[in-house]
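# Structural features, examined
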Amino acid sequence: FAVGSTTKAMTAAALAMLVEEGKLAWDDPVTRHLPWFRLKDPWLTREITVRDLLTHRAGMGNADFLWYERATTTRSILEKLALVDAAYSPRSSFIYQNLMYATAGEVVAAASGMPWAEFVRTRIFRPLGMNETAPLLSETVGAPNVAWPHDHVDGRVVPIENASVDPVAPAGAVWSSVSDMSRWLRFLLAGGVAEDGTRLLKQETVDELFRPQAFV
C-alpha cells in the first residue's frame, strides 16, 4: 500500500542520520546545502532552516497545485516556489506543506551525495529488513500484490489511474506492507535500534524527532 505522508517521518529520520554524522544541523539555513533554493521574499530565502522544512511553519501556503498530477521534475517544481507569495510570517503559524518536504529530500541528497530514494533504501529500509518497501510508485510496477485505486465508472467498480506522488517523493511516495511498517514502528519505539541490535539513530536523536516543534 501507499503509506502516504508517513513517508515524511522517514525523511526526517534520514536527515537525523546526517545530523549525527555532522553533515548538517537542524538549524542550518537551507541555502547552505541548496544554493539554488529561492522563495519569493529574499529574507525568507535566507531565513528558512532545515528544521523549518519539517515543521510546516516556513511561511508558505500549501501550493500543491505546483506538482499534483503534473509530469515534471522535483527541481523544476521547487524552483517555482520563487513565484509563490508567502502566506504568513515564518514560525508564526502552520500550514501543511508537501513542497518543503520535497526540499528536505533535496537536502538529504546534497548532504549525503545520493538521491533521497537511494538514501532511505540503503540507510533505513535494508538495515530494518523492510524488503517489501519501495521509495517510489515507479518501483512498484510489475511487483506482485500491489494495492490499486478503484472507483465507480458507468455503474461498475474498476481500477483507475494512480496519482503519483513521486515528483515530491520525500513528502509521501513510499509504498510498504503492514509487516514492513511494523518493523519501522518497532525501530522508533526502540529508540533507534533495529531488531538485530544495530543502532541506526541515537536515543537523543529519536527524542528530538518526537519533540513538539510547532503548536496548533
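Placed above this text is the structure.
Since we're looking at a predicted model, the values are computed, not measured.

Calculation criteria
- Residues numbered from 1 in each chain as written.
- Predicted model: local features only at pLDDT ≥ 70, side-chain atom pairs only at ≥ 80, totals over all residues.
- Heavy atoms only, no water.
- Pairing = 2+ DSSP bridges.
- Helix = DSSP H or I, 4+ residues; strand = E, 2+ residues; numbered from the N terminus.
- Core = buried A, V, L, I, M, F, W, Y, C linked by side-chain atoms within 4.5 Å.
- Buried < 20%, exposed > 50% of the residue type's maximum accessible area, 1.4 Å probe, protein only.
- Contact = heavy atoms within 4.5 Å.
- Salt bridge = Lys/Arg side-chain N within 4 Å of Asp/Glu carboxyl O.

## Side note on the pairing of strand β1 (residues 150-153)
- Looking at chain direction, β1 and strand β2 (residues 156-159) are connected through four bridges and run antiparallel. Across the sheet, His150 pairs through a bridge with Pro159, a residue of β2.
- Here β1 folds back onto β2, and the loop between the two strands holds two residues, one of which, Asp154, carries a positive phi near 55°.

## Section: the nonpolar core
- Leu15, Leu81, Leu99 and Trp184 are the most contacted members of the largest nonpolar core, which totals 59 residues.
- Sorting the residues of this core by element identifies α1 (7-20), α4 (50-54), α5 (74-79), α6 (98-112), α7 (116-125) and α8 (178-189) as the ones contributing at least two each.
- For Trp184, the contacting residues outside a window of four places in its chain are Ala9, Met10, Ala13, Ile124, Leu128 and Met130.

## Focus: the pattern of salt bridges
- What the rule picks out here adds up to 16 salt bridges.
- Between Arg183 and Glu195 there is a salt bridge, with the nearest N and O atoms lying 3.2 Å from each other. Of the two residues, Arg183 sits in helix α8 while Glu195 sits in the loop between α8 and α9 (203-210), which places them 12 residues apart along the sequence.
- Arg183 sits in the partly exposed class, given a relative accessible area of 29%.
- For Glu195, a relative accessible area of 51% puts it in the exposed group.

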